[in-house]
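Coordinate inspection notes
What follows is the residue order along each chain.
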Amino acid sequence: MVELGKVSTLAALAVVFYAIGAFVGFIRLRDARLFESGRRAVVWLFVLLTVAIVVLVYLLLAGDFSVRYVANYTDRALPTAYRLSALWAGNEGSLLLWVWILVLMATLLAVTRRQDDADMMPYVLAVLMGIASFFAFLLVFVADPFARLPEPLADGYGLNPLLQNPGMWLHPTTQYIGYVGFAVPFAYAMAALLLKRADATWLKVTRRWTLFAWLFLSIGMIYGAQWAYVELGWGGYWAWDPVENASLLPWLTGTAFFHSAIIQERRGMLKVWNVLLVILTFILTIFGTFLVRSGILKSVHAFSDGTLGLYFTIFIGTALAASLWLSYDRMPTLREERHLESVVSKESSFLVNNLVLLGMAFAVFWGTIFPIVSEAATGARVTVGPPFFNQVIVPIGLALVLVMGICPLIAWRRASLDNIRHHFVHPAAASAVFAAVGVALGMKDWRALVSFAVSAFVVATIVLEVARALRVRRRSTGEGWGVALVRLLTRNRRRYGGYLVHIAVVMMVVGITGSAVFKQEVEKSVRPGETIAIGHYELAFEGLRTRQDGDRVVVYADLPVIRREDDGTRRNLGVLRTEKVFHPKSEQPTTEVGILGSLREDLYVIAARPSRCGPTSWRGCATA
Amino acid sequence: MRNPRLLAALVVGSAVLYLMAMGFTRTAPYYLTVSEIQVRAGSLQDKPLRVAGVLVGDSIQWDVQNFFLRFAITDGQETLTAEYRGVRPDNFEGGKQVIVEGRLRPDGVFVANQVMVQCPSRYEAEKDGGGL
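What counts as what
Residues numbered from 1 in each chain as written. Chains lettered and ligands numbered in written order. Predicted model: local features only at pLDDT ≥ 70, side-chain atom pairs only at ≥ 80, totals over all residues. Heavy atoms only, no water. Axes fitted to C-alpha atoms, helices over the stretch in contact; angles between N-to-C directions. Helix = DSSP H or I, 4+ residues; strand = E, 2+ residues; numbered from the N terminus. Parallel < 35°, antiparallel > 145°, perpendicular 65-115°, else oblique. Contact = heavy atoms within 4.5 Å. Nonpolar A, V, L, I, M, F, W, Y, C, P; charged D, E, K, R; others polar. Core = buried A, V, L, I, M, F, W, Y, C linked by side-chain atoms within 4.5 Å. Buried < 20%, exposed > 50% of the residue type's maximum accessible area, 1.4 Å probe, protein only. Expected span 1.5 Å × (residues − 1). Polar contact = N/O pair within 3.5 Å; in protein donor to acceptor, adjacent residues only side chain to side chain. 1 Å grid on protein atoms, 1.4 Å probe; cavity = no way out; pocket = protein on both sides within 12 Å on 5 of 7 lines; lining within 4 Å. Points joined across faces, edges and corners; volume = space filled by probe spheres on them. Phe/Tyr/Trp six-rings, centres within 6.5 Å; stacked < 30°, edge-to-face > 60°. Lys NZ or Arg CZ within 6 Å of the ring centre and 35° of its normal. Lys, Arg positive; Asp, Glu negative; His and termini not counted. Salt bridge = Lys/Arg side-chain N within 4 Å of Asp/Glu carboxyl O. Patch = residues over 30% accessible without salt bridge, like charges linked within 9 Å, V, L, I, M, F, W, Y side chains within 5 Å. Areas by Shrake-Rupley, 256 points an atom, 1.4 Å probe, with all protein chains shown as cover. Pairing = 2+ DSSP bridges.

Moving on, we get to the packing of helix α8 (residues 183-194) of chain A against helix α9 (residues 201-231) of chain A. All names here are of chain A. Contact geometry for α8 and α9: axes closest at 9 Å, N-to-C directions at 170°. One element, α8, and the other, α9, form an angle in the roughly antiparallel class. Residue-level contacts link Val184, Pro185, Tyr188, Ala189 and Ala192 of α8 to Trp202, Val205, Thr206, Trp209 and Thr210 of α9. Along the lines of polarity and charge, the residues of the contact of α8 with α9 split into 8 nonpolar, 2 polar and no charged.

The following block contains the structure:
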């Protein structure tokens, strides 16, 4: 079986180069047989990589500890579901999965025929195969998933206990699909440049790909945050860890990209800008993969493999230089069809949105790579942590949310002062009322007030927009409220889908603000019989218990929770369990957090240092 | 008509740069060794610092009632006494590589606001945290 895996990756490397040759040959010679042959090669490449994945999965499930990868990331005690997930637990498997997803997308493009992008397809596939060749090269020469150990082991080293969580199934996979998905719009952009086509076809064709990649990247990040929240046990969900930042960067530039793409589609402007944004986004997805896989920055995710880092640097450098040179060379064809007509217009508000997103990406990028830069420049490693990011990103983020509220209200081309006054009075009043109510209810923190007021503004603009469109529709069609609403939303999905995402962003902003500003934290050592009070909760500690769970020892406590209501009554909320799990193969115990969650707030309890002889320390936070 | 764009870029760009500059000067800690701290102690008062060193086993005093931890770290030449108010981290034992973040008090004691124990060797598995 191991040999089959080795042969299939080796054959994949040969086929990928053949495919590149075939597409380049077709572009030169215009011989249709070459193009057909190249397309078949793409499908064959997909088959070969699928075989490699199936073989690796088989080895992981069978527990063949003569294979280094299997021994490094699994052991006999590991449940089947996590043995499967070990496919993406290490470098070799991750790279294999990465290129498999890429080739799957290329195959989908190769087997479907469309009219509008037929002339671009050879270029698109050639670019995608060029990217795939780099990963195939790594799989064969640098990170071979099928490498054998000199001596087979009796048992493997096992999977890091922190990874044994359902998040292991959702977070890495969605993150990968998101990363890889941006390769498609990038390839189309390169194809348009090579063909000297300045129109928006590449944007129209790739819009769905971009949104698809963006959606998966978003899911990946949100699920990653959720995983950190329940598994790492430090009470947070986002630590500005280099790897988290690495996934945020392409998300920011990708978000900027599909906003500015609208301007090119509608108004024929920002052409160079769009090309640069898609290049940047693609390069950042590779950079993200590089950050994780090279171990250049220490983080919770840090890997260590020097040679891999070198190859990634070469690849990023080459891809960046080639795509930028191409854009520079084709600059004359990318002339704008129109100019900005007025400073106050939808176009310019999109431009501001783009600038703010890019400014945010720049700050995150700089903060992330600063340790490397400072070490190279001064010899001392200066790191910036969460305080830096919070201080810089929070104001920019609020500005971004504000732009998000303003943008839909401004007319295309040229907005009049009357137009603005007409549209802004009500949302602005709504946000002012909201802030005033907040103050009246005793909310003193100005950061929270600003954030909630801005959020209320955005929601108000969206609600008013929908209400206005609904009135217009009813007047012109005479439909009932329900029918009109459904038809309105489904007939203009692009606009209202966007609003839906905007509302989701506002919900996140409100949640992040709440958890940052209204967090209460209590650390207390308790003996059995003592209680811990936090906010309006009371937790009783009755003692620690121990149980054996397979080869693990679990120390846990069941804490009855009582909530003191405003009217003085005491409501019993049941029992909250929190655990420390001691694994035989690792010195460090893992934490199972006790979370009592509601829409309003979370009660989050972790055992800090349970000890059976002395008092136990508890740490809890209630988050509004 | 290029001016409005340029203006917008300048305004947003300089705002971002200003925020970053403020963020750096206020929050960026210096990464130093224990010896460097002892040599430059005078010039480091009130600056955010980050120090790595090996935990001295018999220096650890842990007051479990008040959540107060006192310990010393060394780089083989010099030692640095540190205090930390909070939960004693897991695996906080002599010989472990630790990183402390905080400020230097005038009396030369390091007041940590964060203490991190570097993961033990098996925790090279830590390298895999979440694939991506």
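After presenting the structure, the write-up continues.
Here we come to the nonpolar core. Core analysis: the biggest nonpolar cluster contains 154 residues, and Ile131(A), Phe135(A) and Trp202(A) have the highest contact counts within it. Residue contributions to this core peak at 16 residues, all from helix α6 (residues 121-142) of chain A. Leaving out residues up to four positions away in the same chain, Ile131(A) has contacts with Trp98(A), Leu102(A), Ala183(A), Phe186(A), Phe282(A) and Phe315(A). Of all hydrophobic cores here, the second largest spans 22 residues; its members include Ala82(B), Phe92(B), Val100(B) and Leu104(B).

Residue and element names in this part refer to chain A. For helix α2 (residues 32-62), spanning 31 residues, the distance from its first C-alpha to its last is 45 Å, which sits close to the expected 45 Å at 1.5 Å a residue. Measuring from the side-chain oxygen of the N-cap residue of α2 to the backbone nitrogen of Arg33 gives 3.0 Å; that N-cap residue is Asp31. Immediately beyond the C-terminal end of α2, within one or two residues, lies Gly63, with a positive phi of roughly 65°.

What follows deals with the layout of surface pockets. In this model, the second largest pocket occupies a volume close to 730 Å³. Considering the residues around the second largest pocket, the lining is formed by 29 residues, among which Leu280(A), Leu284(A), Ala361(A), Phe362(A) and Phe365(A) are closest to the centre. Contributions of two or more residues to the lining of the second largest pocket are made by α10 (242-267), α11 (271-294), α12 (306-329) and α13 (346-378) of chain A together with α1 (3-27) of chain B. At 9 residues, α11(A) tops the list of elements feeding residues into the lining of the second largest pocket. Classifying every residue of the lining of the second largest pocket gives 25 nonpolar, 4 polar and no charged.

What follows covers the packing of aromatic side chains. To describe a pair of aromatic rings, you give the distance between the ring centres and the angle between the ring planes. All names here are of chain A. Going through the model one piece at a time under the given rule, you end up with 31 aromatic pairs over all chains. With a centroid separation of 5.1 Å and 75° between ring planes, the pair formed by Phe134 and Phe135 is classed as edge-to-face. Summarising the aromatic geometry, the rings of Phe135 and Phe312 are spaced 6.1 Å apart at their centres and angled 70° between planes, so their arrangement reads as edge-to-face. Of this pair, Phe135 sits in helix α6 while Phe312 is found in helix α12, placing the two residues 177 residues apart along the sequence. In this pair, the class of Phe135 matches that of Phe312, namely buried. Grouping aromatic residues by their ring pairs yields a cluster made of Trp98, Phe134, Phe135, Phe287, Phe290, Phe312, Phe315 and Phe365. We note Arg474 situated over the ring of Trp481; from NZ or CZ to the ring centre the distance is 4.0 Å. Directly above the ring of Tyr556 sits Arg547, whose terminal nitrogen or CZ lies 5.3 Å from the centroid.

The next point concerns the side chain of Asp602(A). Residue and element names in this part refer to chain A. For Asp602, the location among the structural elements is in strand β9 (residues 602-609). One buried charged residue, Asp602, forms no salt bridge at all, with the nearest opposite charge on Arg563 at 10 Å. Among the polar contacts made by the side chain of Asp602, one reaches the side chain of Tyr229 at a distance of 2.8 Å.

Take a nonpolar patch on the surface next. All names here are of chain A. On the surface, Val43, Trp44, Val47 and Val111 cluster together to form a nonpolar patch covering roughly 360 Å² of accessible area. Per-element accounting of the nonpolar patch gives the leading share, 3 residues, to α2. Structurally, Val111 can be placed in helix α5 (residues 91-111).

Residues and elements named next belong to chain B. Pairing of strand β4 (residues 68-74) with strand β5 (residues 79-85) involves 7 bridges; the strand directions are antiparallel. Bridge assignment links Arg70 to a residue of β5, and that residue is Glu83. Hairpin remark: β4 followed by β5, antiparallel, with 4 residues in the connecting loop; positive phi at Gly76, about 100°. Pairing of β5 with strand β7 (residues 110-117), which is carried by 3 bridges, proceeds in the parallel orientation. Of the residues in β7, the one forming a bridge with Tyr84 is Ala112.

Let us now look at the pattern of salt bridges. All names here are of chain A. Applying the stated criterion to the full structure yields 25 salt bridges over all chains. For the salt bridge of Lys6 with Asp144, the shortest nitrogen-to-oxygen distance reads 2.9 Å. One end of the pair, Lys6, is in helix α1 (residues 2-29); the other, Asp144, is in the loop between α6 and α7 (167-181), with 138 residues separating them in the sequence. With a closest N to O distance of 2.7 Å, Asp119 and Arg197 form a salt bridge. Of this pair, Asp119 sits in the loop between α5 and α6 while Arg197 sits in the loop between α8 and α9; the two residues are 78 residues apart in sequence, bridging distant segments of the chain. Each of Arg563, Glu565, Arg571 and Glu601 takes part in one network of salt bridges that share partners.

Don't take any of this as a statement about function, it's just geometry.
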